[in-house]
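# Observations on the three-dimensional arrangement
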Amino acid sequence: MNRNKGVTGPQGFRAAGIAAGIKESGALDLTLVVNDGPTDAAAGVFTTNKVKAAPVLWSQQVIQSRRLTAVVLNSGGANACTGPEGFQDTHATAEKVAEVLGTGAVDVAVCSTGLIGERLPMDKVLTGVENVVKALDSSVEAGLNAATGVMTTDSRPKQSWKASEQGWSVGGFVKGAGMLAPNMATMLSVITTDAKISGDSLDKALRLATGRTFDRLDVDGGTSTNDTVLVLASGASGVEPSFEDFVALLTEVSADLVKQLQGDAEGVTKEISITVKQAATEAEAVHVGRTVAEDNLVKTALFGSDPNWGRIAMALGRADAEIDPDVLQILINGVSLYRNGTRDRDRSEADLSGRDIEIVIDLNVGDAEATVLTTDLSHDYVEENSAYSS
């Protein structure tokens, strides 16, 4: 896995990230990714929040054709809860990109991230589109700038790339640090591939990959209004992989991006994996894992490096799943602390002093398994989110 490359790693793509003046800080805030072909297959998955930002509504419409030429993304404003005017702003952005690139607005997806409820400074956005097109390049630096231009409270850009043995590759970037919850995280991600694959197959592959990766990160239980993952295929490698091979590599790159999201979550001091084993169904395993991941009493205990298995038992016990406390087992960092209805080894044997914490919950009622990723609830998380709008 190569984290020095991202969307410009696969052949057939150019990208750029510039400072358009959307952010008062002068940081990079406008990103463009362009597919130069020869094919233009595309697919996307979006937030399940009923309050969807204008760019999500626009991109959901245009992706129905299973093709895209470009994706334009801005940070510094979510363009969410901005009414018909906000949707018009998104449409105008897509039209401007299409005009400069010589394509149609329906070939352009739009993504935004930042504070909810404010209109974007459209004069800066539209001028920025002209400038970001001039900066397009297929270099590693251009890909890094693209990944940087979508950052909000992120402390660093996040990208990944991997090539297959057959000569095709998958690359991408992601942003997100807070409001991270299932369906998906509070994040925008653009993934590119130079494999030859149809739009319908790309859509199916993306849903399989995101279901096991992006949808299994839960930092704080908040599902964003702007969540978007888009994948674009240029076909420039000339190689048509098997569907299974494509899903495997797409999932691998997605998982790496998600791991970077977890490591850079707001206020994170602990990176926590919750694996639920021997559940009745995979859906119930995911649900139990998420219930524990979102519990503030569990998260604060882990922030304090306290192996308080009682809080975990309390949290999982309220999940809507088949659970029998008399056959249940809870392990923290390899130490069995609860088994068959009562305490097992002494909690002091579980060392939580490090950054990584592994919780294993063995329900012993079936054969399904799932892992959910989360983080602790720290002082810095509260402070950062209490001051976000200012």
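Procedures and definitions
Residues numbered from 1 in each chain as written. Predicted model: local features only at pLDDT ≥ 70, side-chain atom pairs only at ≥ 80, totals over all residues. Heavy atoms only, no water. UniProt positions renumbered as here; feature names shortened; annotations may be inferred. Helix = DSSP H or I, 4+ residues; strand = E, 2+ residues; numbered from the N terminus. Buried < 20%, exposed > 50% of the residue type's maximum accessible area, 1.4 Å probe, protein only. Pairing = 2+ DSSP bridges. Salt bridge = Lys/Arg side-chain N within 4 Å of Asp/Glu carboxyl O.

As annotated in an unreviewed UniProt entry, the protein chain carries the name Arginine biosynthesis bifunctional protein ArgJ and is attributed to Lentzea miocenica. In its Sequence similarities (unreviewed entry) section, the UniProt entry covering the protein chain states "Belongs to the ArgJ family." Here is the UniProt Function (unreviewed entry) comment for the protein chain, exactly as written: "Catalyzes two activities which are involved in the cyclic version of arginine biosynthesis: the synthesis of N-acetylglutamate from glutamate and acetyl-CoA as the acetyl donor, and of ornithine by transacetylation between N(2)-acetylornithine and glutamate."

Below, the discussion takes up the UniProt feature "binding site: substrate" (unreviewed entry) in the protein chain. What UniProt calls "binding site: substrate" (unreviewed entry) maps, in this numbering, to Thr-152, Lys-175, Thr-186, Glu-266, Asn-385 and Ser-390. Its place among the elements puts Thr-152 in the loop between helix 4 (140–148) and strand 6 (158–163). Thr-152 gets classed as partly exposed once you look at its relative accessible area, which sits at 25%. Structurally, the position occupied by Glu-266 is in the loop between helix 6 (243–263) and strand 10 (271–279).

On to the sheet that holds strand 11 (residues 329–332). Spatial ordering of the open sheet is given by 13-12-11-14-10-15, a layout of six strands whose pairing is mixed. Each edge of the open sheet carries a strand with a single partner, namely strand 13 (342–343) and strand 15 (368–375). Where strand 11 meets strand 14 (residues 356–362), four bridges bridge the pair, whose relative direction is antiparallel. Of the residues in strand 14, the one forming a bridge with Ile-330 is Ile-361.

The next thing to look at is the pattern of salt bridges. All told, the structure shown has 22 salt bridges when counted by the stated rule. With a closest N to O distance of 3.5 Å, Arg-156 and Asp-264 form a salt bridge. Here Arg-156 is found in the loop between helix 4 and strand 6, whereas its partner Asp-264 is found in the loop between helix 6 and strand 10, with 108 residues between them in sequence. By relative accessible area, which is 41% here, Arg-156 ends up partly exposed. For Glu-349, the salt bridge goes to Arg-345, with nearest N and O atoms at 2.8 Å. Arg-345 sits in the partly exposed class, given a relative accessible area of 38%. Where salt bridges share partners, they join Arg-66, Asp-200, Asp-203 and Arg-207 into one cluster.

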